[in-house]
There are 4 protein chains.
Amino acid sequence: MIQIGIVGGTGYTGVELLRLLAQHPKVQIRTITSRQESGNRVSNIFPNLRTHAALSALSFCAPEDAPLAECDVVFFATPHGVAMKETPKLVESGVKIIDLAADFRLRDPAQFEEWYKMPHACPELLAESVYGLPELARDEIAQARIVGNPGCYPTAVQLGFFPLLKAGVVDVSMLIADCKSGVSGAGRKGELSLIHPEISDNFSAYGVGGHRHHPEIEQGLSAMAGKAVGLTFTPHLVPMIRGIFATLYAKLTDDRADVQAIFENCYAKEPFVDVLPEGRLPETRSVRASNTIRLSVMRRGAVVTVLVVEDNLVKGAAGQAVQNMNLMFGFEETTGLTALPIVP
Amino acid sequence: MIQIGIVGGTGYTGVELLRLLAQHPKVQIRTITSRQESGNRVSNIFPNLRTHAALSALSFCAPEDAPLAECDVVFFATPHGVAMKETPKLVESGVKIIDLAADFRLRDPAQFEEWYKMPHACPELLAESVYGLPELARDEIAQARIVGNPGCYPTAVQLGFFPLLKAGVVDVSMLIADCKSGVSGAGRKGELSLIHPEISDNFSAYGVGGHRHHPEIEQGLSAMAGKAVGLTFTPHLVPMIRGIFATLYAKLTDDRADVQAIFENCYAKEPFVDVLPEGRLPETRSVRASNTIRLSVMRRGAVVTVLVVEDNLVKGAAGQAVQNMNLMFGFEETTGLTALPIVP
Amino acid sequence: MIQIGIVGGTGYTGVELLRLLAQHPKVQIRTITSRQESGNRVSNIFPNLRTHAALSALSFCAPEDAPLAECDVVFFATPHGVAMKETPKLVESGVKIIDLAADFRLRDPAQFEEWYKMPHACPELLAESVYGLPELARDEIAQARIVGNPGCYPTAVQLGFFPLLKAGVVDVSMLIADCKSGVSGAGRKGELSLIHPEISDNFSAYGVGGHRHHPEIEQGLSAMAGKAVGLTFTPHLVPMIRGIFATLYAKLTDDRADVQAIFENCYAKEPFVDVLPEGRLPETRSVRASNTIRLSVMRRGAVVTVLVVEDNLVKGAAGQAVQNMNLMFGFEETTGLTALPIVP
Amino acid sequence: MIQIGIVGGTGYTGVELLRLLAQHPKVQIRTITSRQESGNRVSNIFPNLRTHAALSALSFCAPEDAPLAECDVVFFATPHGVAMKETPKLVESGVKIIDLAADFRLRDPAQFEEWYKMPHACPELLAESVYGLPELARDEIAQARIVGNPGCYPTAVQLGFFPLLKAGVVDVSMLIADCKSGVSGAGRKGELSLIHPEISDNFSAYGVGGHRHHPEIEQGLSAMAGKAVGLTFTPHLVPMIRGIFATLYAKLTDDRADVQAIFENCYAKEPFVDVLPEGRLPETRSVRASNTIRLSVMRRGAVVTVLVVEDNLVKGAAGQAVQNMNLMFGFEETTGLTALPIVP
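Given the structure is predicted, the values throughout are model-derived calculations rather than measurements.

Glancing now at the domain arrangement of chain A. Often the size quoted for an interface is simply the accessible area lost on bringing the parts together. Residues and elements named next belong to chain A. Split into domains, chain A comes out as domain 1 (2–128) and domain 2 (152–312). Each of domain 1 and domain 2 has a C-alpha centre, and these two points are 27 Å apart. Each partner contributes residues to the interface: domain 1 has 14 residues there, and domain 2 has 12 residues. Taken together, both faces of the contact between domain 1 and domain 2 bury some 1200 Å²; the carbon and sulfur share is 52%. Looking at the side of domain 1 facing domain 2, the largest losses of area belong to Tyr 12, Arg 105 and Trp 115, adding up to 47% of the total buried there. Remark: the boundary between domain 1 and domain 2 carries two salt bridges. A salt bridge links Glu 16 to Arg 242; its shortest N-O distance comes to 2.8 Å. Those elements that provide at least two residues to the side of domain 1 that touches domain 2 are helix 1 (12–22) and helix 5 (109–116). Considered class by class, the residues forming the side of domain 1 that touches domain 2 number six nonpolar, four polar and four charged.

Written out as C-alpha cells, the structure is:
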C-alpha cells in the first residue's frame, strides 16, 4: 500500500480522485488538504462518501499541517500555480508528484508565463517533468518523478489526431478541433455564468479568442507532426454534467489512406482507447465515470472526421492521474480503473 | 402611456419585467437602475433584448441618478430591504410602488423583522400597503399606492388552498404543502449550490427548517380560514429553469363536499386561473412564460389533493406585478399578459 | 383577416405554428387537421393553449373533411411526401401553399427521389415553387404560390456562410459545418433513441453518413458560390429542447478581407438577422422562442469561423413559415413575430 | 462462482444488473435472453460494456435456447407476468428466482389480478415466495427459493415509514407519500410522453388515480402497523435520469417521541441505510449508481416528515436484487455493491 496525499480536495477533480483512490486496492489516502474546509469531514462536503469506511472518517487538513512529505505520491488538484511552488521540496523528500493543473504541461516556461500570467517557479523541474499522456509516453511516465497530467480537451484532441499525424496522412496546416464539454469541466465554483438557469436548455461557445488548452494541444500535435501545426480550436459548453465530445477535421493528403485501419492498428493494445467499428458513432455517456476514451473515424471526400468521447473528470483528469500513478509505481496500468461506465 | 421605473433590473425577475413591459401597449420604460451595471446597455447583459427597438438602446442607470420620482410607478426587483427605504419619498412624490421583494408582504412589522433580520423602515406605509394577490384582493389593489407582490410559493399555495378554506370543508390544523421549484426561483447569483453540475440530474429538499415564505403563506391561509392554520411547508429544488409545482394535502371535514365544483365555481371568472377538468393533471411547462396558474383537485378517501402549477417568474413574480399594475392604473387586467405559454 | 389551414398540427412545428398564428393580428385559423386526433380539441393535446379564447375551442379535423380549399393559405406541417400530393388541387383552387417539410426544397426532382425515396408527385409545381429563405429570395417569395420552407440546419448554415460566399473570400472546396441541435428538431414522436434517459446528460453525433439536410445546404451554398462547393456537415444532438448552434469553418482566400464588416454590411437591413459586435459570442437561448438568427464571425489565422444560433422551431421552421406568409400576402414582414426571446 | 441467468436484459434494470453482476466477484453470467435482440452482442446495444472482457463477448440468446435450468439463479428483468410463467419449471430444476417485476410482490393473488389484469399463474409458489426487502426480511430471504424484488417507490416509502410504524408513534390512518422519480423508472421504451422535449424543463404528476405501487406499499405498511393503514400516494416525474425522492408525512401520536433516535436505532446496523444527522437533508445524486438509501427525519409541530433518497435502478431494482442474491447464497450481503456513488 502506497501512501497518498491530495492537495486541494474540494473541487470536482479532487472528489473524483477520492472516489477512484478509495476503491484502489494498492493505495491508502494519508491526507487531503483544503485551507477553507480544514477540520471539516470530507463526507460533510461530499455526502456520497459517507458510507465508505475509510473516507467517512477522513477530514480535510490545513496545507501546512499535512504530512505530505511522508507520502509516496502527492496529487495536486489545485488552481494553476500551486503545485510548482510545493513541488521542489516534496521531490527533494522523495515524493512523486502528479499535477492535475497546468504547471507541468507546457514545455516552454515562457509559454507558461504568457498563458498563465505568472513566471514558472521551478523551470529546472519543469524540464525534467513528463507530460502524462500514457498512450504516447508510457515509458517516460514510468520513470518520472513529476508528471504534468494533461488537460481534458488536450487528452481528447491529441488522442484523436495522433493516429493521423503519426501516419502522416493529413495536411497539418489546417487542423480543426470543434470541442464540446460538460459543465463540470469549468470546476466547482460559484460563478454566475455556471448556474443552472444560465446553462440548462442552452448551448454556447466560449474562450474562442484564446483558450489555455490551445497551446497545450498545439505543443502535442506539433511534436507528433514533427513541425508546427495550424490548429483551430473552438470549445463549446453543453448542458450536461460530465463528458467531452471532440469533433476533429483534417484534409487527407494521401487519398489511399485507410483511416479505419490506421486507428485500429494504432490503438490495438491500448486498454483505455476503444476504436469503434466503421459506421458506429460514440456518445459521451458511453464512457461516463470511466477512464475509457472512445472514438470513431470516417472519410467524407477529402476530409477525415474523428469523433472522440471521454469523461472529462476521469480520462480527462483524475482517472488519467491514477493511470499515471499506476505506471509510476509499477502497478498494472488498469488497477482501480476497471469500473464500468454508468448508463443510463 | 404611463412612465415606468425599475429598480434593480439585473436579476431574473428584473429581466422578466423588462420582457413583459416592453411588450405592454400602455407603458414606457423610463428608467432602469443597477449600481453595478450603471452605464452598461441592458442588451449587453441580456442579449435576447438586442433586437427590440426601445430596449436595445436602454442603459442601466445608477440608482441616485434615476428619474424615479418622475415615473408613474416604480417596480422594485431588488433584495429584501431596499424598497421600504425608497418608498416613503417616492410615494410622497405621487409615485405608485410595486415591490417584488418581501418588504410589503408580511402585515406584522415584528414578523418581518423576525424573518428578514432588519426592522421595517416604514411600518406606517406597510399598514397602508396591499398584498397583491389579485384573485383575493382585486379592489384593494386597484386603490393601492403600494403593493407587496406575493412570493412565488405563496401565490401557488394560497390560490391552491383558497377554494377549500373559503368553502370551509377541510381540517385547517394540518395543511401540507409539498412544493417543487425550478432553479430560477433562487435568483440570478453566482452561488456554488446553484451551478449546473450541482443541480442537474439531482433532486433535493431545502430550507425545511424555516423558509421565509412560510409565514407569508400562513398569514394568507389564516386570513382565509378566519383562524390560525397548521401548515407544513416543504420546498424542493427541481433541475429545471422555470416553474413551481405545489402538491397540497388536506383532510376533508365534509364528506359530501364536491371539490371539483368548489374549485370551478371559485375561479370561474378568473382570467389567469385555469381549473382542469376532473382526471387531468397539470404540468409546469403548460404555463411556461405565461401568467396562468393551472390546477387540478381530487379526493382520495378523506384526503383532498390539489396540484398547482405556475411560472415562478411570471405569475410568481413579474407577471403578477404587471397584473397588479394593470389594476392600479385601470387598464384591462390582462393587458400585456396574453402571450401563450412556450411548449415544448 | 386571411383564412389559415394547417395540415398535420400535432407535431412540434404544428403547435409552434398554432402559437404564432394565434397571436398574429391579420389571420384566422380556419382549420387544423390530424387523422389520429380527429374530433379531439387542440387544447386537449396542448394544454398550454387552453386559456386562448379561439384556440381553446378549436378541434382537429379529419384531413378529408377540412375546408382547406376555402383557405387563403395552407401550411403543411406533415411528414415528407404529403404536401406534394395535396398541393396541385389546392393551388388550382387559388390556395397558397407553405410546406414545412422537404417536398419543395430540393430543386432537382431526381435528387428529391434519391434522398426521400419517393418520386416527386408534381415536378412542374416544384419547378415553380420558391425556396423560402427570405433573406435571399424576398421578392420571389412575395410572388410565389408555393413556398418550400427551409430545414432548420439549412437555414442556419446558409445564412452563416452567405456573406462569405457572396463576398467571394473563402475557399469553397472545403466548407465545414459542425452543427448542434436541440431534441425538438427530431420531431414529436415516441422513439426509444429520443427518450429522456437516453438524451439527458449525454452528447452524440448522428446521421454523419448522410443527413437529408446535406443536399439542401449544398444546393444553397453552390448557388451562392456559382459553382459546386465541398461541404462537410456533422450534426450533433444536444440535451436541450430548442435551439441550433452552427459552428462554420472556411479558409480565407483573401487575406485582407474584413469579415466583421462583410457580415455587418450584408445583414444591415435584415429584421431577423443580428450580427454581434466583434468579440461577442452567441448562445442558443438568446433566440429562444423568437424568429431571430444571431451570429458572430472571427478570423483565427487563415481560418474564418462563424457561429450561428437560431430557434429550430421558429426561424428554423414555424417562424420562418410565418415570415414567408407575411411576404406572400403583403403584410409587414415582422408581423406576429416580434415577441421577445424567453430568458432564462 | 455461481452461474447467473438474466431473462429480459435490454431494459434499464437489465443493463444495470449486467453492470453490477459483471463486477461481482462470486458470479458468472451464464446467459442473458432477449427475443428481439437474439444473436446480437450485448455491447452493441450498450456500448458502455464494450471494454469489459466478459461482457464484450456476450450475446443475447433467444429465451427458448437459453440454458436457464443450468443456472443457480435466474433474474427476471421482464414485463409483469413473464416470471410467474417460467418460475415453476425452473424452481423444479433447483434454480432460484429473483423477479424484478411484480409477479411475486403482492401476497394476495386476487389483488395481483385486480392491479395487473391477469390471473396469477402459480399462486402456490406466490405463497411460498418472499418479498425481498432485506432490512425487513433478511432471514426469510436467505431461505427463499423465490424472491419478489420490491418496486422502486415501495422500497423508499416502506423503509421511510418503517421506523415510525415499528415504534407506533404516528397516526396510521393518514400517511402521505409525496414521491418524485427520475425518468428511468418508466423503463427503456419509445413512448411519446417520455421523449426529452416532453420531460426536460418540466415537472408533472402522474398515475394519481391509481399507481400499481399503491397496493404494494399499503401491503407493507399495513403489515408493519398490524392493521390497515390509510395511504395517500402521489408520484411525480422529475427531469432527471435516476433517483427517487420520497417526502413522507405523518401525524405524531406520541408527543415525546424522539424521531431522530428512533431512526438511528432502527437502522444502526444496516449497511445500505444511512440516517443523516439532524438538520442535514438528502439529495438523490448522493446515492447515484449505488445501493445506499439515505434519509432524514424531522418534526415540525405535530407532523413528522421523512425525506428518503435512493437510486431507483439500484436499491430500487437491480442493486436490491443483487443484495437478495447475496443473502440467498450466503455471500457477504454487501458483495459487489460497494462502489461509491458518482458525484457530480
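On to the relation of the copies chain C and chain A, then. Of the two same-sequence chains, chain C is brought onto chain A (RMSD 0.0 Å, axial shift 0.0 Å) by a rotation of 180°. Put plainly, the chains are arranged around a two-fold axis. Both copies present the same face, since 100% of the interface residues in chain C are matched by interface residues at the equivalent positions in chain A.

Now for the sheet that holds strand 8 (residues 204–205) of chain B. Residue and element names in this part refer to chain B. The strand order across the open sheet built from seven strands is 8-9-7-10-13-12-11, with neighbouring strands paired in mixed fashion. Only two strands of the sheet have a single partner each, and these edge strands are strand 8 and strand 11 (273–275). Pairing analysis gives eight bridges linking strand 10 (residues 244–251) to strand 13 (residues 303–310), with the strands arranged antiparallel. By the bridge assignment for strand 13, Tyr 249 is matched with Thr 305. Where helix 8 (residues 152–167) meets the sheet, its contacts fall on strand 7 (175–181), strand 9 (231–237), strand 10, strand 12 (293–300) and strand 13, and the angle it forms with strand 10 comes to roughly 35°.

Turning to the interface of chain C and chain B, a few remarks are in order. Contacts between chain C and chain B engage 36 residues on the former and 36 residues on the latter. On the surface where chain C and chain B come into contact, there are two salt bridges. At the level of elements, helix 1 (12–22), helix 2 (42–45) and strand 11 (273–275) of chain C are the ones that each hand at least two residues to the side of chain C that touches chain B. In terms of residues, the side of chain C that touches chain B owes the most to one element, helix 1 of chain C, which gives five residues. Its residues assigned to classes, the side of chain C that touches chain B shows 18 nonpolar, 10 polar and eight charged.

Under the fitted operation, chain C is carried onto chain B by 0.0 Å of movement along the axis and a turn of 180°, and the coordinates agree to an RMSD of 0.0 Å. Looking at the interface residues of chain C, 100% of them are also at the interface in chain B, so both copies use one shared face.

Attention shifts here to the interface of chain C and chain A. Across the contact, 43 residues belong to chain C and 43 residues belong to chain A. Between chain C and chain A, a total of about 3400 Å² is buried, with carbon and sulfur atoms accounting for 57% of that surface. Per-residue buried area on chain C facing chain A is highest for C:Met174, C:Asp201 and C:Phe203; these three make up 20% of the total on that side. Linking chain C to chain A there are six salt bridges. Residue C:Arg288 is joined to A:Asp201 by a salt bridge in which the shortest nitrogen-to-oxygen separation is 3.4 Å.

To continue, consider the packing of aromatic side chains. Taken as a whole and assessed by the stated rule, the structure comprises 22 aromatic pairs over all chains. Their ring planes at 25° and their centres at 6.2 Å tell us that B:Phe329 and B:Phe331 sit as a pair that is stacked. We classify B:Phe329 as partly exposed; its relative accessible area is 22%. For the pair C:Phe112 and C:Tyr116, a centre-to-centre distance of 5.1 Å together with 20° between the ring planes defines the contact as stacked. Placement of both C:Phe112 and C:Tyr116 in helix 5 (residues 109–116) is noted, with a separation of four residues, approximately one turn of the helix. Taken together, the ring pairs connect A:Phe203, A:Phe245, C:Phe203 and C:Phe245 into an aromatic cluster.

Each value, and the rule that gives it
Residues numbered from 1 in each chain as written. Chains lettered and ligands numbered in written order. Predicted model: local features only at pLDDT ≥ 70, side-chain atom pairs only at ≥ 80, totals over all residues. Heavy atoms only, no water. Domains from an automatic or database assignment. Contact = heavy atoms within 4.5 Å. Buried area = accessible area lost by both parts, 1.4 Å probe. Salt bridge = Lys/Arg side-chain N within 4 Å of Asp/Glu carboxyl O. Helix = DSSP H or I, 4+ residues; strand = E, 2+ residues; numbered from the N terminus. Nonpolar A, V, L, I, M, F, W, Y, C, P; charged D, E, K, R; others polar. Least-squares fit on C-alpha atoms with pLDDT ≥ 70 in both. Pairing = 2+ DSSP bridges. Axes fitted to C-alpha atoms, helices over the stretch in contact; angles between N-to-C directions. Phe/Tyr/Trp six-rings, centres within 6.5 Å; stacked < 30°, edge-to-face > 60°. Buried < 20%, exposed > 50% of the residue type's maximum accessible area, 1.4 Å probe, protein only.

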